[in-house]
Amino acid sequence: DDFISVLRDRSHIDETLRLATEEKAGDYAGALQRLRKIYHTSIRPMEQAYKYNELRQHEISDGEITSKPMVLFLGPWSVGKSSMINYLLGMNDSPYQLYTGAEPTTSEFTVIMHGEKIRSVEGIVMAADSSRSFSPLEKFGQNFLEKLVGIEMPHKLLERVTFVDTPGIIENRKQQERGYPFNDVCQWFIDRADLIFVVFDPTKLDVGLELEMLFRQLKGRESQIRIILNKADNLVTQDLMRVYGALFWSLAPLINVTEPPRVYVSSFWPYDYAADTSRELFKREEISLLEDLNQVIENRMENKIAFIRQHGIRVRIHGLLVDRYVQTFKEKMSFFSDPELVFKEIVDDPDKFYIFKSILAKTNVSKFDLPNRDAYRDFFGVNPITNFKPLQAECSYMGGCLLDKIERAITTDLPALLSSINSGKQPGLSSCETTGCGEKPKNRYRKN
């Protein structure tokens, strides 16, 4: 065990993640406040007037607007997920490090987040706090909340990002014994993660049913996935190449994308690499993984604005559609007498009345953003058409019109907020010492 006691140098972690440089937290907080204001004054009123959340069951909470990017660790048990988090946060040998070991140790979903002092938070408390983004987890029931735990600690990295450690997936066969819907919970985290690290141990690579299930859940999230061959210094280079090939071979049917996820080969824990292994390669790989993580942190505000804008576009389309149904109903009512029958005819065959077509004719509506027609049959089943006013009536002398406000948010306010952030990214002369005034990193998530 002699070599294990040799800890490796971790200065490159702080350097790559720029943890030493003071981020202008005020700018970020200010931008967040402006984003919240645009959402609450321009998007939410239409959401409420036309009961959007009953259509999509998705209301954006303040917790969601202010939440940090989330990095999710997935993979079989004992591949080093918890060790990797301990390593990145420098938690080793501290009283609050995550437990690690050869047996399945993590049976909980552990959320590691920023806090003023070190403490653990029970899942039930996390779900009850609406200012956090975890309140929707309540729907998975008490049994699950007992398996959810939060750790708060003061840490530079956690000011910018939240880590989530998950139970090893090999025990999936015992889903019934878990007492909660494991796959649904995983899916909830997968849908919200900004970066998903799928960690493997190359010495025991077995792509079984559980992993197939997992990769099925990851469909559509390929750009967020990074595959990590951890503990790579346990193998000689030749074996490592073989394992790398085998992994791709077994994952190929599960990830049919033109651009397969990036694979990082290294050993993510605090001890020195094993002797006679490719240390230079491992170190380079680790640094590029950290750069990847940094990219997500740098783009967090842009992604948030884009997310709110997407949401605003959907809310606007919903408002326009309800308005169209209301207008059509009014026009038809003059001829018939029975409002029930009139409305049934409209709801059963909206195409006969060009309801969806007329919305497409409006500016900047994509047919891919149109909701499902049947969704409106259900929607009006719960919310009678007579409960809604047409859009032109949704105006007030002081507040202006709902449609104008949401359109201004989508076309002007949010894009302006985005460009103000991007202009702030150019390093000024004074900060040349820290950044070297190099080129600014390309955002590889955006098509250039």
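Coordinates for the structure precede this section.
Residues numbered from 1 in each chain as written. Predicted model: local features only at pLDDT ≥ 70, side-chain atom pairs only at ≥ 80, totals over all residues. Heavy atoms only, no water.

Even after reading the chapter, I still don't get the overall build of the protein, so can you show me in this structure?
Helix and strand counts for the protein come out as 18 helices and 10 strands. Within the protein, buried positions represent 47% of all 448 residues. Within the protein, contacts between residues separated by at least 24 positions form 77% of all contacts whose residues are at least 6 apart in sequence. Summed over its atoms, the accessible surface of the protein is roughly 23,000 Å², and 52% of this surface lies on carbon and sulfur atoms. (Helix = DSSP H or I, 4+ residues; strand = E, 2+ residues; numbered from the N terminus. Buried < 20%, exposed > 50% of the residue type's maximum accessible area, 1.4 Å probe, protein only. Contact = heavy atoms within 4.5 Å. Areas by Shrake-Rupley, 256 points an atom, 1.4 Å probe, with all protein chains shown as cover.)

When you look at the packing of aromatic side chains in this model, what are you seeing that I'm missing?
Here a ring pair, both rings aromatic, is described through the centre-centre distance and the interplanar angle of the planes. Applying the stated rule across the entire model yields 24 aromatic pairs. Taken together, the ring pairs in this structure connect Y50, Y325, F329, F343, F356, Y376, F379, F380 and F388 into an aromatic cluster. Above the ring of Y273, the side-chain terminus of R8 is found at 4.1 Å from the ring centroid. (Phe/Tyr/Trp six-rings, centres within 6.5 Å; stacked < 30°, edge-to-face > 60°. Lys NZ or Arg CZ within 6 Å of the ring centre and 35° of its normal.)

Can you walk me through the nonpolar core in this structure?
A general feature of soluble globular proteins is that nonpolar side chains tend to end up buried together. Counting 49 residues, the largest nonpolar core has Y325, Y376 and F380 as the members making the most contacts within it. Contributions of two or more residues to this core are made by helix 2 (25-49), helix 13 (300-333), helix 14 (339-348), helix 15 (355-360), helix 16 (373-382) and helix 17 (402-423). With 12 residues, the single largest contributor to this core is helix 13. Excluding residues within four positions of it along the chain, Y325 makes contact with F343, I346, V347, P350, I355, F356, Y376, F380 and I385. Core analysis: the second largest hydrophobic core is formed by 47 residues, V121, I190, L214 and L218 among them. (Core = buried A, V, L, I, M, F, W, Y, C linked by side-chain atoms within 4.5 Å.)

Explain the packing of helix 13 against helix 17 here, please?
The axes of two packed helices give the description: the angle between them and the distance between them. One can describe the packing of helix 13 onto helix 17 by two numbers: an axis separation of 10 Å at closest approach and a directional angle of 170 degrees. The angle between helix 13 and helix 17 places the two elements in the roughly antiparallel class. Taking contact as the criterion, the partners of M301, E302, I305, I308, R309, G312, I313, V315, R316 and L320 in helix 13 are, on helix 17, L403, I406, E407, I410, L414, P415, L417, L418, I421 and N422. (Axes fitted to C-alpha atoms, helices over the stretch in contact; angles between N-to-C directions. Parallel < 35°, antiparallel > 145°, perpendicular 65-115°, else oblique.)

Where do I start with the sheet that holds strand 3 (residues 119-122) in this structure?
Backbone-to-backbone hydrogen bonds pair the strands of a sheet. The strands run either parallel or antiparallel. Spatially, 3-4-2-5-1-6-7-8 is the arrangement adopted by the eight strands of the open sheet, whose pairing is mixed. Each end of this open sheet is capped by a strand with a single partner; those strands are strand 3 and strand 8 (262-265). Strand after strand, the sheet turns through a mean of 20 degrees between neighbouring axes, direction not considered. The pairing of strand 2 (residues 109-114) with strand 5 (residues 162-165) spans three bridges and is classified as antiparallel. Bridged to V111 within strand 5 is V164. Taken strand by strand, helix 11 (residues 237-251) contacts strand 6 (195-200), strand 7 (225-229) and strand 8, and its axis lies near 145 degrees from that of strand 7. (Pairing = 2+ DSSP bridges.)

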